[in-house]
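Each chain is listed here by its residues.
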Amino acid sequence: AQKELLDYNGSGVSVLEMSHRSSDFTKIMNTTENLLRELLSIPDNYKVMFFQGGGTGQFSAVPLNLIGLKEDRCADYLVTGTWSSNAAKEAEKYGKVNVVHPKLDTYTKIPDPSSWSLTPGSSYVYYCCNETVHGVEYNFIPETHGAVLVSDMSSNFLSRPVDVSKFGLIFAGAQKNVGCAGVAVVIVREDLIDHALTECPIVLNYQVQAQNNSLYNTPACFSIYIMSLVLEWIKNNGGVDAMETLNKKKSSMIYDIINSSNHFYTCPVDVACRSRMNVPFRVGKKQGDETLEKEFLDGASKLGMISLKGHRSVGGIRASLYNAVTVEDAQALANYMKEFLKEHQ
Ligand code: PLP
């Protein structure tokens, strides 16, 4: 990719310079879409589109395009962490939002589906498949009894197989598992896309972008190109099944140490929904010993392990194990955690 930065495929220009309507870029768009279709076995009656505005852009786009599917203009939300909470707040601007389960005091679990009450007549049911900040991941597809299901998969996209046909819409910002910031993928069932509210900005309008193959306006060309390279890499490394095997292995290495540390390390998340992508934990005691956590982070940084600090809203440590993190990387962290435990126990 670095070689091609200045000279794409012998064309003498970079993807950064070429017209988004050139034949070279059209090929890149088609390759990216086809790879996504292949990797996820996306059925033919689904559109694959590329938007700017990141994951957060889709917090708005989803209600702007879908909340008008039914007369009542209401949507059901599962709120299990920061990102689904933000999405629900955004949707409230455009219709009525029902949180379908008792409100959670802490984002450490998925409320038992038997406690959910879905609203008859709601336009869709929304959830965040992996809560990046809190490390809560769904290991099941919510049962919606026929209602349109929408999922934010920004932080676990292509980390495991997913049956797209169970969803009305899946979206994912690229920057965790499929490339760099600037582009969000939207996979949406065709029959859902012509219900946008009149106030929907044209760049977020699913029907307009579908009709224009995501080229209504200039797309994030370079980010899409990078995505095509990452998708090729996933394909060449065994596809999503292989990613899942690796991600299970990597995350087990970290959770195993947490579980066997006699509460030196603690992960507050229910065992059934612990994320394979983001492992949040505290060091020293249940609420975390901040001095010890600082020492942990400093020591890790000396070993070249960076970005382990938990999100500012929750503190502690967070190990993110996206597809690009190797088993060896995870092993290095596991070894360090073992050593640190030995020294401080
Ligand atoms: N959804 C999830 C699950 C995320 O992890 C993030 C960002 O970390 C977002 C949405 C927001 O994405 P963006 O920063 O691209 O708007």
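Note: the structure precedes this text.
Let me begin by describing the structure that accompanies this report. (Residues numbered from 1 in each chain as written. Predicted model: local features only at pLDDT ≥ 70, side-chain atom pairs only at ≥ 80, totals over all residues. Heavy atoms only, no water.)

1. A word on the overall build of the chain
- When helices and strands are tallied, the chain shows eight helices and 12 strands.
- For 345 residues, the compact-globule estimate of 2.2 N^0.38 gives 20 Å, and the chain sits close to it at 21 Å.
- For the C-alpha atoms alone, the extent of the chain along its principal axes is close to 60 × 55 × 30 Å.
- Across the 345 residues in the chain, those meeting the buried criterion constitute 54%.
- A separation threshold of at least 6 residues defines the contact pool for the chain, and within that pool the share at least 24 residues apart is 66%. (Helix = DSSP H or I, 4+ residues; strand = E, 2+ residues; numbered from the N terminus. Rg over C-alpha atoms; globule rule 2.2 N^0.38 Å. Buried < 20%, exposed > 50% of the residue type's maximum accessible area, 1.4 Å probe, protein only. Contact = heavy atoms within 4.5 Å.)

2. Structural notes on the packing of helix H1 (residues 23-40) against helix H5 (residues 221-236)
- Two elements in contact, H1 and H5, have axes separated by 9 Å at closest approach and are oriented at 40 degrees. The angle between H1 and H5 places the two elements in the oblique class. In this structure, H1 crosses over H5, and the sense of that crossing is left-handed. Side by side, H1 and H5 meet where Phe25, Ile28, Met29, Thr32, Leu35, Leu36, Glu38 and Leu39 of the first sit next to Cys221, Ile224, Tyr225, Met227, Ser228, Leu231, Glu232, Ile234 and Lys235 of the second.
- Tallied by class, the residues present in the contact of H1 with H5 amount to 12 nonpolar, two polar and three charged. (Axes fitted to C-alpha atoms, helices over the stretch in contact; angles between N-to-C directions. Parallel < 35°, antiparallel > 145°, perpendicular 65-115°, else oblique. Left-handed = near helix turned anticlockwise from the far one by under 90°. Nonpolar A, V, L, I, M, F, W, Y, C, P; charged D, E, K, R; others polar.)

3. What to know about a nonpolar patch on the surface
- On the surface, a nonpolar cluster with roughly 320 Å² of combined accessible area is contributed by Leu5, Leu6 and Leu16.
- Classification of leucine 16 by relative accessible area gives exposed; the value is 59%. (Patch = residues over 30% accessible without salt bridge, like charges linked within 9 Å, V, L, I, M, F, W, Y side chains within 5 Å. Areas by Shrake-Rupley, 256 points an atom, 1.4 Å probe, with all protein chains shown as cover. Salt bridge = Lys/Arg side-chain N within 4 Å of Asp/Glu carboxyl O.)

4. What about the pairing of strand E2 (residues 74-77)?
- Burial of E2 is two-sided: the residues Cys74 and Asp76 facing one way and the residues Ala75 and Tyr77 facing the other way are all buried.
- Pairing of E2 with strand E3 (residues 96-99) involves four bridges; the strand directions are parallel. By the bridge assignment, cysteine 74 is partnered in E3 with lysine 96.
- Read from E2 through helix H3 (residues 82-91) to E3, the crossover connection turns out right-handed.
- Both E2 and strand E4 (residues 125-128) contribute to a ladder of two bridges, which runs parallel. Bridging across to E4, tyrosine 77 finds its partner in tyrosine 126. (Pairing = 2+ DSSP bridges. Right-handed = clockwise from strand over helix to strand, strands pointing away.)

5. Notes on the site of the ligand
- The environment of the ligand is made up of 13 residues, and the closest members are Thr56, Thr132, Asp152, Gln175 and Lys176.
- Interatomic distance of 2.5 Å between a side-chain N/O atom of threonine 56 and an oxygen atom of the ligand.
- Between the ligand and aspartate 152, the relevant distance is 2.6 Å, taken from a nitrogen atom to a side-chain nitrogen or oxygen of the residue.
- Out of a free accessible area of 400 Å², the ligand has 84% covered by protein chains.
- Per-element tally for the shell around the ligand: the top contributor is helix H2 (residues 54-66), with four residues.
- Looking at the shell around the ligand residue by residue, the class counts come to three nonpolar, eight polar and two charged. (Near = heavy atom within 4 Å. Polar contact = N/O pair within 3.5 Å; in protein donor to acceptor, adjacent residues only side chain to side chain.)

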